[in-house]
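Topology and contacts: notes
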Amino acid sequence: MSKTPDFHYSNVIMKRMLFFSALLSLLLYTETSFAQTPKKPESNRFTKVVLAQRLEEPMQFQVLKDGRVLYAERKGKLKVYDPKSQAMETVAEFAVSTKYVNKAGEVTEGEDGLQGVILDPDYDKNHWIYIYYSLAGEEAKNVLVRYEWHGKELLESSRKVVLEVLVQREECCHVGGGMLFDKDKNLYLTTGDNTFSRASDGFAPLDERPGESPRDSQKSSPNTNDLRGKILRIHPEPDGTAGAAPYTIPKGNLFPVGTPQTKPEIYTMGNRNPWRPTIDSKTGWLYWGEVGPDGSRDDLEKRGPQSYDEFNRAKGPGFYGWPYFVANNKAYVKYDFATKVSGEPFDPSHPFNNSPNSTGLKELPAAQPAFIWYSKAQSQEFPLMESGGNSAVGGPVFRKDDFKNASRLFPEYYEGKWFITDWVRGWMNVVEMDENGEYKSMERFLPDLKLKGPIDMKFGPDGDLYVLEYGNGYFKDNPEAELIRIEYNSGNRKPLVEASASKTAGALPMQVTLSSEGTKDFDEGDALQYEWVVRKNNAVFKTMKEANPTITFTTAGTYRATLTVTDKAGEKNTKSVEIKAGNEPPVVEFEITKGNSTFYFPGKSIQYEVRVSDKEDGSLANKKILPSQVSVSTNYLSEGFNLTRIAQKQLSVDASAQYATAISLINNGDCKACHAIKEKVLGPSFTAISAKYKGDPAAVAGLSKKILNGGSGVWGDAFMPAHPTMADSDVKGIVRYIMSLSDAPKPAKTLPVKGTYTTVAPKGDTEGSFIFRAAYADRGTKTAPSQSSEATVILRNPVVPVALADQVKEIGFNNDSTMAFVRNSGASFRLKGTDLTGIKQIEIIRAFGRKAPTPPSGTIEAHAGGADGMLLGKFSGEYSDKMVFDIAAEAGSGVKDVYFVFTGAPIGIKAIRFVAGD
């Protein structure tokens, strides 16, 4: 009997079983994979802890196992911070060289000094530490020295010079100084190209003219027989007999020992200023930041690419391009500085060093492209790098296995990722690589964290991320310089507490409602307990266990109400508010009685009246308060100040208010890296710039262009990087602030409490405002201090930029919001709170665009109160540069929200002008 059918049936069953088994395995694998995908932690689980402040040019640090932090200061001091006692002690002070001589023979501050410190991997046994610094004296060299350190002073008798790097101190910079050990206890040391580059127009310094070697980077970075512009790798050895070598050369460096015209210490070469190296403990790959040149424009035919900073990775030894290539092997051009003649671009696959200033091999290894690169402009490849001045700083690769006994540990989400930062821009990004070490993605770490000159960062033994902040300015003791650590909290978080009061001052009896509005807890399901404790002179006045209690004060004095919020795990947080009882603050009003209360019109007058009343003092009306006791003033403030903050009484009407936006941009941007108010840093002081261009009518336009496009030559070799993404209005505001520094302060004009004022603005200024201010400080009472109040009225220019529009519909804006573009018919935007008193016409100022073959046309309507509200007036027809329409007489008065509605062809709008009648 045939068994074929049975065999066939069994085969089918077997196939089905294998299929379902494979399917089940796939499902289980997929479920496991998804279950194991780490979730990104919430930012509020990280806490910034400030350890030490007002450091003096800190450069590099090491965290000891007991939590102490050893760090180097550029001017020569080695210090240690103890978090237990919060004490800072000086371990040693080295005589260091920090100056260089420029071409004119002037001595100026440079980058040299005490650059770094690192502990030996066997520090617990041998107590060795290594220090890299610029030796003071006639010999121009940087030295790597080793000492014994048992926690107090260095043991001077143990000093051992491990390595010397010969350098130039004429027109020089770029020191490097980063150090680390790998798992084989090999020491890596970064060295800069030690070349003056600011005379190269922002391109590669390749000056081969006789006597110009300080300006030729070919003598160092691509010189196989020089230790500069490299990452060196050596293996320190213990002292043996007299004359024993302090280190040996590990296998696997770029050039084998004995190779003619080479240094065997070289691991990578072609580095400009390699900064803060790190090693991935799992792969052994080396990562570092690379500070680039200063150029802000491409000149591909004559010179080469613009400047790029880099973040690099080396899986082994190699040549990283400088000064022949930058970024992803963008090639510079062979340029003759004597004849100004350009040759061919360098070839990254076959680079040669034919400079007479080089003592090494002519033929070099093929150039390795950068891992990450970014210029002064916005990066298309890596948009999170932002734009402006830049200075790449490397950071650590996180591996949880590096922290066996950590009290706190960063989450699994960051496993194998590289933390990087930028000294100028102050962000911290996290880079993810694939299994082959290739770039995969990048994201911002703690978006709200703004670092102030981060110069070194690494994980400590406790699992926290430590960051050393140099501050915002070169070669000076920045008050913002500090040592911080970032802690991760994987468990319960403290509540976020907000506390406020319905009144913070008033007469007796004074009823106040205390509010906890805004208080929240980040842990889901946490029940919060509230306790208010009100104290007077540190004595408890009243305790209340409600979220928003009401309290009545019947005794004069200053009280502090403190809200303590406790979650179900017992974690607490507090916030306080001060309350002054016994004196009602005065009421001050400034009213425009005749004229427009939103706009000023040059040469036209307004009438105004100030009213003041005070519960205890009386009022202006009953003459118990005299006009002489009320301060009434006006200032004209040009563009560039924060009008909203003045209106909210967050700023007084003075120079800091006038230029609040500009000052904020300077403080939060890269300006302070190169400039200070009065002192010369890398570039001239703002005061010197102001004095130089004082009285020059073209200064604002010229200096604004230089900030946007970059440039050099006016102040010697200092190079201004480009800022192409900054708004034109912001740049002009910064320049106007700088120009104001040479002006004598102008006192505010004193006005009567009632009168007429004619507004006269500076010629050509179309974006300023008149600020009217009335203030009164009352007399106080026997038991309560004086209280003051003020009222402010702002009259702005009748040309309203579209940047002030809101509630937009089908409207797009350019990068700096100086132009609005109507996308579709039915688009609209609003100008809020506009006084139409005296307004006879509205003029639409068109933004220039491409000329169409057929002139576009459409209808523009102005409505009050809403896009479909009362019609104020309209324009219909062919678009022109300025489109004007009349305001209906019955509609033209009072403060209204004005909506502009567009039907017809798309159009670009720059501003709205409100025109007053005669």
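First, a word on what this report is: a plain description of the structure on this page. As the structure is a prediction and not an experimental result, all values here were calculated from the model.

1. Brief notes about the sheet that holds strand β44 (residues 631–637)
The strand order across the open sheet formed by four strands is β47-β44-β49-β50, and the pairing between neighbours is antiparallel. In this open sheet, the two edge strands, each paired with only one partner strand, are β47 (749–750) and β50 (788–796). Bridge analysis of β44 against strand β49 (residues 769–777) gives seven bridges, and the strand direction is antiparallel. Opposite Asn635, over in β49, you have Ile771 as the bridge partner.

2. Considering the pattern of salt bridges
Under the defined criterion, the tally for this structure stands at 51 salt bridges. Of the charged contacts, one joins Glu438 and Arg313 as a salt bridge, the two residues approaching to 3.4 Å between their closest N and O atoms. Highlighted residues: Glu438 in the loop between β28 (428–433) and β29 (439–444) and Arg313 in strand β19 (residues 309–314), separated in sequence by 125 residues. Look at the salt bridges and you will find they share partners, linking Glu57, Arg74, Lys75, Lys99, Glu109 and Asp477 into a network.

3. Thoughts on the packing of aromatic side chains
Geometrically, a pair of aromatic rings is defined through the distance of the ring centres and the angle of the planes. Under the criterion given, the structure shown has 53 aromatic pairs. Plain terms: the ring middles of Trp322 and Tyr332 are 6.0 Å apart, the flat faces sit at 85° to each other, and that makes the pair edge-to-face. Of this pair, Trp322 sits in the loop between β20 (318–319) and β21 (325–326) while Tyr332 sits in the loop between β22 (330–331) and β23 (333–336), and the two are ten residues apart along the sequence. The class for Tyr332 is buried, based on a relative accessible area of 0%. A network of ring pairs unites the aromatic residues Phe46, Phe398, Phe403, Phe410, Tyr413, Tyr414, Phe419, Phe445, Phe459 and Tyr488 as a single cluster.

4. Some thoughts on the sheet that holds strand β52 (residues 806–809)
Ordered in space as β52-β55-β60-β57-β58, the five strands form an open sheet in which the pairing is antiparallel. On the outer flanks of this sheet lie β52 and β58 (870–878), each paired with one strand and no other. For this sheet, the mean inter-axis angle between neighbouring strands, taken without regard to orientation, is 20°. Note that β52 and strand β55 (residues 827–835) share two bridges and pair antiparallel. Paired with Lys809 across the strands is Ser828, a residue of β55.

5. Focus on the state of the cysteines
Taken as a whole and judged by the stated rule, the model has zero disulfides. Cys172 takes part in no disulfide bond, and the closest cysteine sulfur to it belongs to Cys173, at a distance of 6.3 Å. Cys172 gets classed as buried once you look at its relative accessible area, which sits at 4%. Since its relative accessible area comes to 8%, Cys173 is described here as buried.

6. A few points about the environment of Phe398
Structurally, Phe398 can be placed in the loop between β26 (392–393) and β27 (418–422). For Phe398, a relative accessible area of 1% translates into the label buried. Sequence separation between Phe398 and Lys458 is 60 residues; the distance between their C-alpha atoms is 9.2 Å. Excluding anything up to four places from it in sequence, Phe398 contacts Phe403, Leu409, Phe410, Pro411, Tyr414, Glu415, Gly416, Lys417, Phe419 and Phe459.

7. Regarding helix α7 (residues 699–709)
All of the buried residues along α7 are Ala699, Leu703, Ser704, Ile707 and Leu708. In a view along the axis of α7, the buried residues occupy a sector of 155°, so they form one face of it. Facing away from the buried side of α7, by more than 90 degrees, are the exposed residues Ala701 and Lys705. Just past α7, the residue Gly710 takes up positive phi, approximately 80°.

Basis of the calculations
Residues numbered from 1 in each chain as written. Predicted model: local features only at pLDDT ≥ 70, side-chain atom pairs only at ≥ 80, totals over all residues. Heavy atoms only, no water. Pairing = 2+ DSSP bridges. Helix = DSSP H or I, 4+ residues; strand = E, 2+ residues; numbered from the N terminus. Salt bridge = Lys/Arg side-chain N within 4 Å of Asp/Glu carboxyl O. Phe/Tyr/Trp six-rings, centres within 6.5 Å; stacked < 30°, edge-to-face > 60°. Buried < 20%, exposed > 50% of the residue type's maximum accessible area, 1.4 Å probe, protein only. Axes fitted to C-alpha atoms, helices over the stretch in contact; angles between N-to-C directions. Disulfide = S-S within 2.5 Å. Contact = heavy atoms within 4.5 Å. Arc of directions from axis to C-beta.

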